[in-house]
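Each chain, letter by letter, is given below.
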Amino acid sequence: MKPLRAIAVYKPVPKCIGILREVANTARTRDISLEIYTVDDLADPARGSYTRDKCVNVVFSIGGDGTFLRAAKLSLLCNSTLVFPYPCGRRNAFYELINTPPSDLVDKLLEGDYFIDLYPSLTVCTSNKCELFLNEVAIVNSNLGKAAKYRVQIKSPLINSAFTIEGDGLLISTSPGSSGYNLSARGPLTSPLLDSIIVTPLNPLQVGLPPIVLPRVSVIEVTIANSSAVYIDGNFLGVFEKDSVIQVTYSSRYVKVIRFSPSRDLVRAVLASRAFT
């Protein structure tokens, strides 16, 4: 059997560095080829700093949810890449609550003693590019002193609807991403197994306008009426002017996440990641 090729993405803080050392030492003794990057080194893997010819078997995510999203981008670029999350950040909603030493978990990985969670992604397209995302697309008014308008059109099986949102913007989230910005904006927390898209208005002027949960096969087009900034999984994409169209569609790609328990308490993990410190 060929030796595993792996990448470790870590948050450069003392606790995570200690875990990284143990993972690196274990990899060295288990004949695993390991490349190491900080989370900032991989700030933008989808735009060229990481390519398909560098695909690996496993990406170790050592940090919090921000680190996980960077590791997940590598998994989305390469269909067969698994993400091995080990928590040490402030926000760990994507992680299992683990007390087992990293070296023991690496041995379980090599023995095939694990489960795989499939996290669905979506595709966002502008006039000149398309990108995959795991958490959310945030479309935010550039002038927060004045309400902006967004024309939203939704097409999916049995649904063909169009409406206008006036406010600070909107979020379009995946089910895994529902625990992030979406939840802070009073959107619903949904299970990744729900396979959905969530449209959440940001401070809408229309009183009582709720978030909308749609099937993942939906096509959502947002026509911008006022200058707005667009962010993908927290990364700035650009500023888009009047009549620009942002489209979100289905993607067949999933992030494959290694788990060592057959189930996890999603609500507990999210609440723990948002505890006041």
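Above this note sits the structure.
Described in the following lines is the structure provided in the data block. Because the structure is a prediction, the values reported are computed rather than measured. (Residues numbered from 1 in each chain as written. Predicted model: local features only at pLDDT ≥ 70, side-chain atom pairs only at ≥ 80, totals over all residues. Heavy atoms only, no water.)

As for the overall build of the chain
The following threshold applies: In this text, helices come from DSSP runs of H or I with a minimum length of four residues, and strands from runs of E with a minimum of two, each type numbered from the N-terminal end. Computation of the radius of gyration draws on C-alpha atoms, with the globule rule given as 2.2 Å multiplied by the number of residues to the power 0.38. To sort residues, take the accessible area from a 1.4 Å probe on protein chains only and compare it with the maximum for the residue type: under 20% means buried, over 50% means exposed, and anything in between is partly exposed. Method for areas: the Shrake-Rupley scheme with a 1.4 Å probe, in which residue coverage is limited to the protein chains shown. Counted as positive: Lys and Arg. Counted as negative: Asp and Glu, with His and the chain ends omitted from the count. Lysine's charge is taken at NZ, arginine's at CZ, aspartate's at CG and glutamate's at CD.
Looking only at helices and strands, the chain has 5 helices and 16 strands in total. A compact globule built from 277 residues would reach a C-alpha radius of gyration of about 19 Å, and the chain, at 19 Å, matches this within 12%. The C-alpha extent of the chain, read off along each of the three principal axes, is 60 × 40 × 35 Å. Put simply, the chain has 277 residues, and 50% of those count as buried. With an accessible surface of roughly 13100 Å², the chain has 53% of that area assigned to carbon and sulfur atoms. Counting 29 positive and 24 negative side-chain charges, the chain places the averaged centre of each group 3 Å from the other.

Thoughts on the state of the cysteines
Convention followed: By definition, disulfides here are pairs of cysteine sulfur atoms that lie within 2.5 Å.
Considering all chains together, one arrives at 3 disulfides under this definition. Shown here is the disulfide that connects Cys16 with Cys88, its sulfur atoms set 2.0 Å apart. Of note, the bridge from Cys16 to Cys88 carries an S-S torsion of about 115 degrees and is right-handed in sense. Taken as a pair, Cys16 in helix H1 (residues 14-29) and Cys88 in the loop between strand E4 (82-87) and helix H3 (102-111) lie far apart in primary sequence, 72 residues in all. Here Cys55 connects covalently by a disulfide to Cys78, the sulfurs 1.9 Å from one another. Given an S-S torsion of about -80 degrees, the disulfide between Cys55 and Cys78 has left-handed geometry. Taken as a pair, Cys55 in the loop between strand E2 (33-38) and strand E3 (58-63) and Cys78 in the loop between helix H2 (65-77) and E4 lie far apart in primary sequence, 23 residues in all.

Considerations on the layout of surface pockets
Stated precisely, the cut-off is as follows: Residues are said to line a cavity or pocket when one of their atoms sits within 4 Å of a point; the points come from a 1 Å grid over protein atoms alone, cavities being sets where a 1.4 Å probe fits but cannot get out and pockets being open sets with protein on both sides within 12 Å along at least five of seven lines. Grid points are joined across faces, edges and corners, and a volume is the space filled by probe spheres set on the points. Under the scheme applied here, ten amino acids are nonpolar (Ala, Val, Leu, Ile, Met, Phe, Trp, Tyr, Cys and Pro), four are charged (Asp, Glu, Lys and Arg), and all others, including Gly, are polar.
Within this model, the second largest pocket holds a volume of roughly 260 Å³. Contributing to the lining of the second largest pocket are 14 residues, with Asp117, Pro192, Leu193, Ser263 and Arg264 lying nearest its centre. For the lining of the second largest pocket, the residue count by class is 8 nonpolar, 3 polar and 3 charged.

Points about the pairing of strand E8 (residues 148-156)
Rule in force here: Any two strands between which DSSP finds at least two bridges are classified as paired.
Of the two faces of E8, only one is covered, namely that formed by Ala148, Tyr150, Val152, Ile154 and Ser156; the face formed by Lys149, Arg151, Gln153 and Lys155 stays uncovered. In this structure, E8 lies alongside strand E9 (residues 159-167), joined through 9 bridges in antiparallel fashion. When the sheet's bridge partners are listed, Gln153 is paired in E9 with Ala162.

Remarks on the nonpolar core
Put simply, the rule is: To qualify as a nonpolar core, a set must consist of buried Ala, Val, Leu, Ile, Met, Phe, Trp, Tyr and Cys residues joined through side-chain atoms within 4.5 Å. Whether two residues are in contact is decided by their heavy atoms, any of which lying within 4.5 Å being enough.
Counting residues in each nonpolar core, the largest one holds 25 residues, and the members touching the most others are Ile139, Val152, Leu170, Ile220 and Val222. Among the elements that take part in this core, E8 stands out by supplying 4 residues, more than any other. Excluding anything up to four places from it in sequence, Val222 contacts Ile139, Tyr150, Arg151, Val152, Leu170, Ile172, Ser244, Val245 and Ile246. If you look at the next biggest cluster of nonpolar residues, it comprises 22 residues, including Leu20, Val58, Leu105 and Leu109.

Structural notes on the pattern of salt bridges
Note the following rule: For this analysis, a salt bridge means a side-chain nitrogen from Lys or Arg found within 4 Å of a carboxyl oxygen belonging to Asp or Glu.
Taken as a whole, this structure holds 3 salt bridges when the rule is applied. In this structure, the salt-bridge partner of Arg259 is Asp117, at a minimum N-O distance of 3.2 Å. Remark: Asp117 occurs in strand E5 (residues 115-125) and Arg259 occurs in strand E16 (residues 245-259); sequence separation between them is 142 residues. For Arg259, a relative accessible area of 2% corresponds to the buried category. With a closest N to O distance of 2.7 Å, Asp195 and Arg216 form a salt bridge.

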